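Commentary on secondary and tertiary structure
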Amino acid sequence: MLLTTAALCLTGAAQADELREDALDMFQALPSTVPSVSDNVITPEKIELGKALFFDPRMSASGVFSCHSCHNLAMGGDDNMPTSIGHGWQKGPRNSPTVLNSVFNKAQFWDGRAADLAEQAKGPIEAGVEMANTGENVVATLNSMPQYVEWFETSFPDEDDPVTFDNFAKAIEAYEATLITPAPFDAWLNGDDGALSDEQKRGLQVFMEAGCVSCHAGINLGGQDYYPFGLIEKPGADILPEGDKGRFVVTETVDDEYVFRASPLRNIELTAPYFHSGVVWDLNTAVEIMASSQLGAELAVDEVEAITAFLKSLTGTLPPVILPVLPVETATTPRPSGEVMQ
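What counts, and where the lines are drawn
- Residues numbered from 1 in each chain as written.
- Predicted model: local features only at pLDDT ≥ 70, side-chain atom pairs only at ≥ 80, totals over all residues.
- Heavy atoms only, no water.
- Salt bridge = Lys/Arg side-chain N within 4 Å of Asp/Glu carboxyl O.
- Helix = DSSP H or I, 4+ residues; strand = E, 2+ residues; numbered from the N terminus.
- Buried < 20%, exposed > 50% of the residue type's maximum accessible area, 1.4 Å probe, protein only.
- pLDDT = per-residue confidence, 0-100.
- Contact = heavy atoms within 4.5 Å.
- Expected span 1.5 Å × (residues − 1).
- Core = buried A, V, L, I, M, F, W, Y, C linked by side-chain atoms within 4.5 Å.
- Polar contact = N/O pair within 3.5 Å; in protein donor to acceptor, adjacent residues only side chain to side chain.
- Axes fitted to C-alpha atoms, helices over the stretch in contact; angles between N-to-C directions.
- Parallel < 35°, antiparallel > 145°, perpendicular 65-115°, else oblique.
- Left-handed = near helix turned anticlockwise from the far one by under 90°.

Let us now look at the pattern of salt bridges. Applying the stated criterion to the full structure yields 12 salt bridges. Residue E329 is joined to R58 by a salt bridge in which the shortest nitrogen-to-oxygen separation is 3.7 Å. A residue pair is termed long-range when its members are at least 10 positions apart, and E329 in the segment after α12 (301-312) and R58 in the loop between α2 (44-55) and α3 (67-70) qualify at 271 residues. Of the charged contacts, one joins E329 and R335 as a salt bridge, the two residues approaching to 3.7 Å between their closest N and O atoms. Looking at E329, the relative accessible area reads 41%, which means it is partly exposed. Judged by relative accessible area, R335 falls into the exposed class, the value being 52%. If you follow the salt bridges from partner to partner, you end up with D56, R58, E329 and R335 in one network.

Here's what the structure looks like:
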């Protein structure tokens, strides 16, 4: 006997509920509040201080580069470059990851060498290819501006000497923890059936059934563990440069050669080019490469398109960002390095 229209609707609803039930076993929706971080109480004052530091190019030796230079909040939280440009116009070795939702990652950087956002904030400051500064010079710069000193005293009220490189990093961590982007996928996980299109729901199903969730699960759809790039079939050197051995540089363990932290997929639509090498600009192509190299699967064209449609449901809404008015320099503020144009 043919099903009535009402029965068909009920069947469709049951299938939708089953898909959501399966998805909730593998993913979590973003929280509605700023998450806590270990060893760093987040306060409004600390967030505002961290925001100023995030946008202040005087934290670099040249006075040109800020955190925002490589993590542009108007462009998906990265810089849309294959690899970032730093001090003296040097090119960095890897693609810049997005700062958006990065608070949910297990560790920071492609190789996981920073345990949290505070530790990560120090890395680019002292990297010669990035901001080429020192912690000591950053502290001297901050102490030279009374407004910054006042902000540090307000943000770290229980400390006798609050202007430190550690507190500089904690303030940036506090600000970056606010950069959370709720997306249609979160609304759907929370019960809004209309938040995803039928094509996106099909893409989610293919994403799960094909095995993509083996690496890209959890609240950030990735960022939680490390995997070899080329688990089944190693890509060519144009995609996986032989000179970059990934996590091996951190652990010096042979098994970690060409192992990288799984990329979180939130806002992936906005963050081309893809992979640590930053050589793939098309999201469909990136999906195809991941399927063949990590899963040993040759997906049909319509399956790739469906997965890509699902990934676009992870594009979220950025919190409103108003540029801070930065403290005024004084006669004792360290001057920019003369090497910037070399």
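The subject of this paragraph is the confidence of the model for the protein chain. Averaged over all residues, the pLDDT of the protein chain is 94; the fraction at 70 or higher stands at 95%. Across residues 1-10, where pLDDT falls below 50, the model places 2 contacts with residues more than four positions away in sequence or in other chains.

This next bit is on α2. Across its 12 residues, α2 extends 17 Å between first and last C-alpha, which sits within 8% of the 16 Å expected from 1.5 Å per residue. Most of α2 sits inside the fold, with 9 of its 12 residues counted as buried. In this fold, the buried residues of α2 make contact with α3, α5 (135-143), α6 (146-155) and α7 (165-176).

By size, the foremost hydrophobic cluster in this structure holds 36 residues, and its most contacted members are F27, F185, W188, L204, F207 and L311. Sorting the residues of this core by element identifies α1 (5-24), α8 (184-189), α9 (198-210), α11 (283-295) and α12 as the ones contributing at least two each. If sequence neighbours within four positions are ignored, W188 has contacts with A16, L19, R20, A23, D193, A195, L196, K201 and L204. Counting residues in hydrophobic clusters, the runner-up holds 33 residues, among them C67, A121, L142 and I172.

Looking at the secondary structure, you find N167 in helix α7. N167 sits in the buried class, given a relative accessible area of 3%. Polar contacts involving the side chain of N167 include one to the side chain of E159, which spans 2.8 Å. Looking at N167, its side chain comes within polar contact range of the main-chain oxygen of P162, at 2.8 Å. Residues contacting N167, with those up to four places away along its chain left out, are F152, F156, E159 and P162.

For α9, spanning 13 residues, the distance from its first C-alpha to its last is 18 Å, which sits close to the expected 18 Å at 1.5 Å a residue. For α9, the complete set of buried residues consists of Q200, K201, G203, L204, V206, F207 and M208.

So, about the packing of α11 against α12. Closest axis-to-axis distance for the α11/α12 pair is 9 Å, and the angle between their directions is 115°. Here α11 lies roughly perpendicular to α12, going by the angle between them. Along this stretch, α11 crosses α12, giving a crossing that reads as right-handed. Packed against α11, whose contacting residues are L283, N284, V287 and E288, the element α12 presents V304, E305, I307, T308 and L311 at the interface.

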